[in-house]
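Observations on chain architecture
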Amino acid sequence: PDSLPRNITRLDLSFNSLVVPHHRPLLKHFPSLHSLNLSSNAKLMLSPAIFSNLGALRLLDLSSCSITYIHMDTFKGLGNLRTLLLRNNSLQELDVPFLLPLKALFHLDLQHNALVSVDAWSLQLMDPVPRVRLEGNPWVCDCSAHPLQQWLQRRRGERRAGWPGVCQAGRQENWEHRVCHRLTMCLSCVAATALPAGKGGRSWPYLVGFLVTAIGLSILIALAAKCKLVHKNFASYRHRPLPEISSIGGSPMEDSSSWDRGSCGSHSIPDAADLQAEDDDGFIEDNYIQPSEQLP
């Protein structure tokens, strides 16, 4: 509004339906602003360099504005910004080149967005920021979260060492511990020895494939041995008696004739050799016919 003095330092425009101009600076007539609250403006669209004329701004609140994407030049010109609040928005990817113009940023709040992962470069860009709030996001707990876990653990170590000028270090370390612990537990469920990408972190599928192959081969070998044993046992019941012969070289017909003649002529009882021949089970044992008994 034109009625506002040009030298104001704090301006609260929260809980409105503010529509900002496209490709033009916002509030260009108020260069003395130190604090600007634009939270809960659902129609807020952030175009590149929209805050470029607010070089003295220290705090910018963009919470609950349904923001899904931030252009890399959105915060161009905010070299003195200390606090950036982006909580309760709909950011799905944490691609943070938008932090490059924010040389003096001290507090970045990204709580309760839709973030599922973060790449190593974005984590590197957030390294100079002492206070980063990431809790309340639906992080995907797989091996891709390993860089974030390592980043949180390292920052906790730095927090214990102490940063000068951090007045709420204990509270900051507490939430970082909760996020890191949650990620650690989830990563333990996925892979107990997860490694960073490019250093063997994706080798576990090969191990699983090797184990499945080894188990499959063992089962096939066991089945093959079992089938061979069954075939052997089945074959042992398929013996059949050999034709009965009375002497080596004789035929069954001759044997039968001689037996009939002997029975009709003398009514004699078969001798012991004949009874032994009848009682024989018909199988040929090893060395049953000795070499010395073979006929020409």
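Rules behind the numbers
- Residues numbered from 1 in each chain as written.
- Predicted model: local features only at pLDDT ≥ 70, side-chain atom pairs only at ≥ 80, totals over all residues.
- Heavy atoms only, no water.
- Helix = DSSP H or I, 4+ residues; strand = E, 2+ residues; numbered from the N terminus.
- Contact = heavy atoms within 4.5 Å.
- Areas by Shrake-Rupley, 256 points an atom, 1.4 Å probe, with all protein chains shown as cover.
- Core = buried A, V, L, I, M, F, W, Y, C linked by side-chain atoms within 4.5 Å.
- Buried < 20%, exposed > 50% of the residue type's maximum accessible area, 1.4 Å probe, protein only.
- Domains from an automatic or database assignment.
- Phe/Tyr/Trp six-rings, centres within 6.5 Å; stacked < 30°, edge-to-face > 60°.
- Salt bridge = Lys/Arg side-chain N within 4 Å of Asp/Glu carboxyl O.
- Pairing = 2+ DSSP bridges.
- Axes fitted to C-alpha atoms, helices over the stretch in contact; angles between N-to-C directions.
- pLDDT = per-residue confidence, 0-100.
- Patch = residues over 30% accessible without salt bridge, like charges linked within 9 Å, V, L, I, M, F, W, Y side chains within 5 Å.

Topic: the overall build of the protein
Looking only at helices and strands, the protein features six helices and six strands. Secondary structure elements in the protein, listed N-terminal to C-terminal, are β-β-β-β-β-α-β-α-α-α-α-α. Excluding contacts between residues fewer than 6 apart, the proportion of contacts in the protein whose partners are at least 24 apart in sequence is 62%. Accessible surface, the protein: about 19300 Å² in total, of which carbon and sulfur atoms supply 58%.

Considerations on the nonpolar core
Ranked by size, the top nonpolar core spans 46 residues in total, and within it F51, L60, L62, F75, L84 and L108 carry the most contacts. Elements with a contribution of two residues or more to this core: α1 (120-126) and α2 (146-161). Two domains share this core, each providing at least three of its residues, namely domain 1 (1-138) and domain 2 (142-190).

Some thoughts on the packing of aromatic side chains
Applying the stated rule across the entire model yields two aromatic pairs. Ring geometry for F51 and F75: centres 6.2 Å apart, planes at 10 degrees, overall stacked. Of the two residues, F51 sits in the loop between β2 (35-37) and β3 (59-61) while F75 sits in the loop between β3 and β4 (83-85), which places them 24 residues apart along the sequence. Overall, F51 belongs to the buried group, its relative accessible area being 0%. Aromatic pair F75 and F98: ring centres 5.8 Å apart, planes at 65 degrees, arrangement edge-to-face. On the criterion of sequence distance, the pair formed by F75 in the loop between β3 and β4 and F98 in the loop between β4 and β5 (107-109) is long-range, its members being 23 residues apart. Judged by relative accessible area, F75 falls into the buried class, the value being 0%. Members of the aromatic cluster, joined through ring pairs, are F51, F75 and F98.

Side note on the environment of L60
Among the structural elements, L60 can be located in strand β3. Relative accessible area serves as the criterion here: at 0%, L60 is assigned to the buried category. The spatial distance from the C-alpha of L60 to the C-alpha of R82 is 8.5 Å, given a sequence separation of 22 residues. Each residue touching L60, except ones within four places of it in the same chain, is listed here: L36, F51, F75, L78, L81, T83, L84 and L85.

Some thoughts on the pattern of salt bridges
Enumeration over the complete set of coordinates arrives at three salt bridges. Linking R154 and D127 is a salt bridge whose minimum nitrogen-to-oxygen distance equals 3.0 Å. Separated by 27 residues along the polypeptide, R154 in helix α2 and D127 in the loop between α1 and β6 (131-133) bring together distant segments of the chain.

Quick look at the sheet that holds β6
Spatially, β1-β2-β3-β4-β5-β6 is the arrangement adopted by the six strands of the open sheet, whose pairing is parallel. Across the chains shown, the open sheet's two edge strands, defined by having one partner strand only, are β1 (10-12) and β6. The sheet shows a mean angle of 0 degrees between the axes of neighbouring strands, direction not considered. Examined bridge by bridge, β5 and β6 share three bridges and lie parallel to one another. Its bridge partner being in β6, L108 is matched across the sheet by V132.

Focus on the side chain of S122
Tracing the backbone shows S122 in helix α1. Apart from the residues within four sequence positions on either side, S122 is in contact with L94, D95 and V96.

Concerning unusual backbone geometry
Glycine aside, a negative phi is what most residues show, and trans is what most peptide bonds show. Of note in the backbone geometry, S40 takes a positive phi value of approximately 60 degrees without being a glycine. Here S64, not a glycine, exhibits a phi torsion of approximately 55 degrees, which is positive. Inspection of the secondary structure assignment puts S64 in the loop between β3 and β4.

A short note on the confidence of the model for the protein
Within the protein, residue pLDDT values average 75, and 61% of them lie at 70 or more. Ignoring residues within four places in sequence, the model shows residues 188-201, a span with pLDDT below 50, making 13 contacts including any to other chains. Predicted confidence is poor over residues 251-269, with pLDDT under 50, and the contacts of this stretch with residues over four places away or in other chains come to nine contacts.

Considerations on the environment of L59
Mapped onto the elements of the fold, L59 is located in strand β3. In this structure L59 comes out as partly exposed when scored by relative accessible area, which is 29%. With residues near it in sequence (within four places) discarded, L59 still touches H34, S35, L36, L81 and T83.

Describing a nonpolar patch on the surface
Judged by side-chain polarity, I215, L217, I219, L220 and L223 come together as a nonpolar surface patch covering roughly 510 Å² of accessible area. Inspection of the secondary structure assignment puts I219 in helix α4 (residues 204-235). Of the residues examined, I219 reaches a relative accessible area of 49% and is grouped as partly exposed.

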